Amino acid sequence: MTSGASGRPEILTRRGRLLLPVFLLVLIVLAVRQLWCLAPGRVVLSGPSMGTTWSVTLAARGRARGELVEARAAIEERLGRVNGLMSTWDPDSELSRFNRHASSEPFPISAETLEVLGVAREVSEKTGGAFDVTVRPLVAAWGFGAGARAPGQGPDASELERLRQRVGFRRLELDPVAGTARKLHADLECDLSAIAKGYAVDAVARALEELGWADFLVEVGGELRARGRRPEGGAWRVGIERPAEDRRGAQLVVTLADLSMATSGDYRSEYEEGGERVTHLIDARSGRPVANRLASVTVVHRQAVVADAWATALSVLGPEAGFARAEAEGLGALFLLRDAAGSFSVRSTPAFPPFYEPVAGAPRDGVPPEP
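Sequence order as written defines the numbering, with residues in each chain counted from 1. The model is predicted, so local features are restricted to residues of pLDDT at least 70 and side-chain atom pairs to those at 80 or more, both for listing and for counting; the totals for chains, interfaces and linings are taken over all residues. For side-chain calculations, the full set of non-hydrogen atoms in the structure is used, while hydrogens and water are omitted.

Some points on the sheet that holds strand 12 (residues 260-265)
Link 1 in the chain: A pair of strands is considered paired only if DSSP assigns at least 2 bridges between the two. In this text, helices come from DSSP runs of H or I with a minimum length of four residues, and strands from runs of E with a minimum of two, each type numbered from the N-terminal end. Strand order in the open sheet formed by 8 strands is 3-4-8-9-12-17-18-19, with antiparallel pairing between adjacent strands. This sheet does not close on itself; its edge strands, each paired only once, are strand 3 (42-49) and strand 19 (344-348). Each strand axis lies, on average, 10° off the axis of its neighbour in the sheet, ignoring direction.
Link 2 in the chain: One ladder, built from 5 bridges, connects strand 4 (residues 52-59) with strand 8 (residues 216-220); its direction is antiparallel. Its bridge partner lying in strand 8, Ser55 is registered against Glu219.
Link 3 in the chain: Every residue pair with non-hydrogen atoms within 4.5 Å of one another is taken to be in contact. The angle between two axes is taken between their N-to-C directions and runs from 0 to 180 degrees, where each axis is a line fitted to C-alpha atoms and a helix contributes only its stretch in contact. Against the sheet, helix 2 (residues 65-86) touches strand 3, strand 4 and strand 8, its axis set at about 30° to strand 3.
Link 4 in the chain: Lying over the sheet, helix 8 (residues 304-317) contacts strand 9 (223-227), strand 12, strand 17 (294-301) and strand 18 (332-338), oriented at roughly 150° with respect to strand 17.

Remarks on unusual backbone geometry
Link 1 in the chain: Despite not being glycine, Met50 shows a phi value in the positive range, around 55°.
Link 2 in the chain: Along the polypeptide, Met50 turns up in the loop between strand 3 and strand 4.
Link 3 in the chain: For Asp258, which is not glycine, the phi torsion reads 50° and is therefore positive.
Link 4 in the chain: Turning to its location among the elements, Asp258 is positioned in the loop between strand 11 (250-256) and strand 12.

A few points about the environment of Pro289
Link 1 in the chain: Its place among the elements puts Pro289 in strand 16 (residues 288-289).
Link 2 in the chain: A residue is classified by how much of its surface remains accessible, and Pro289, at 16% relative accessible area, is buried. Remark: exposure states derive from per-residue accessible area (1.4 Å probe, protein chains only) relative to the maximum for the residue type, with buried under 20%, exposed over 50%, and partly exposed in between.

Quick notes on the pairing of strand 12
Link 1 in the chain: Extensive coverage of strand 12 is indicated by the burial of 5 of its 6 residues.
Link 2 in the chain: Examined bridge by bridge, strand 9 and strand 12 share 2 bridges and lie antiparallel to one another. By the bridge assignment for strand 12, Arg225 is matched with Ser260.
Link 3 in the chain: As paired elements, strand 12 and strand 17 share 6 bridges and run antiparallel to each other. Looking at strand 17, one finds that Ser260 is bridged to His301.

A look at the sheet that holds strand 5 (residues 107-108)
Link 1 in the chain: In spatial order, the strands read 5-7-6; together these 3 strands make up an open sheet with antiparallel pairing. The open sheet has two edge strands with one neighbour each: strand 5 and strand 6 (172-175).
Link 2 in the chain: In the sheet, strand 5 pairs with strand 7 (residues 180-183) via 2 bridges, with the strands oriented antiparallel. The residue bridging Pro108 from the neighbouring strand is Thr180, located in strand 7.

Some points on the packing of helix 7 (residues 196-210) against helix 8
Link 1 in the chain: Taken N-terminus to C-terminus, the directions of helix 7 and helix 8 make an angle of 165°; their axes are 7 Å apart at the nearest point. Classified by the interaxial angle, the pair formed by helix 7 and helix 8 is roughly antiparallel. The way helix 7 lies across helix 8 gives a crossing that is right-handed. Each of Ala196, Lys197, Gly198, Tyr199, Val201 and Asp202 in helix 7 lies in contact with helix 8, whose residues at this interface are Ala304, Val305 and Asp308.
Link 2 in the chain: All residues other than Ala, Val, Leu, Ile, Met, Phe, Trp, Tyr, Cys, Pro, Asp, Glu, Lys and Arg, Gly among them, are scored as polar; the first ten of these are nonpolar and the last four charged. Class assignment for the residues of the contact of helix 7 with helix 8 results in 5 nonpolar, 1 polar and 3 charged. Roughly parallel means an angle under 35 degrees; roughly antiparallel means over 145; roughly perpendicular covers 65 to 115; every other angle is labelled oblique. Crossing handedness is defined as follows: a turn of the near helix away from the far one that is anticlockwise and smaller than a right angle gives a left-handed crossing, while the clockwise case is right-handed.

Right under this line is the structure:
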């Protein structure tokens, strides 16, 4: 093992570096071949991205193995593109550079990020700011996300008031024609974590469609998009996660036909402070973590980016105001509510897919689970 000019050991020789891409391609082909043999007609591709994981299930009967390698490459390219634009963890991402742009001068922004910010703006307007991507300073102050302080050291009243002066979706101007975004408050910062995964799902779906795939299920960090039919026939069947902190499993199974689905829950990222639960869902209007009876909200829509944003917005609005807003917007939404005893009940809007079923004692509409 030799050492380069940087002082770090060079693990690979020059020849090794040249052969590495070939070796990786062989591994991908072998992995695809194994999946093909284990489940004829059904292939699952997966991997890490955007601080989470992704998976794509393809109805692949009659497809050549080379097409699967091509599909994987396209998926990873789209996910890498979205992450490189919208990540708050990557200091070189477009969003991170925009957040560091402490100026009211217009900042050049990609068409993709402007599209996401435009969807966010629309949902913000319709919810009176319950959904607000400028919430990042508050999210970090409460101990969540990139650059966050240690959990359990939430802001006091005076700091909270100062932070709220830096937040507000109307303080962000978008100009799609010029391709710019402008801060009306120089230290405004954005966080797209409540919408970017949905956009990534849509981006992957478009990439697959461009390659001629018509039957697939895309999942990125729990957000989904189904197209066409399952390899076994019929619509795709997907699970809504059970709100349990100690295990993962399906609470309900939904039949999804050419739709996207996103779920926002308060039970995967939280801590306790002063005897109170502090969740990652922050209400920009109050500056405080959301505290209501909702365990999760699931939204279906043609676009995953829209479903993703609305799932968070309805969670912030709460069980009553959120349900009323979902009905008014004609959204398909399912609300999973907890009671004081720790039981759960389900309430869904008329536009939610009618084909869902409880799993192993899960609740039916308005009825607690049977013992």
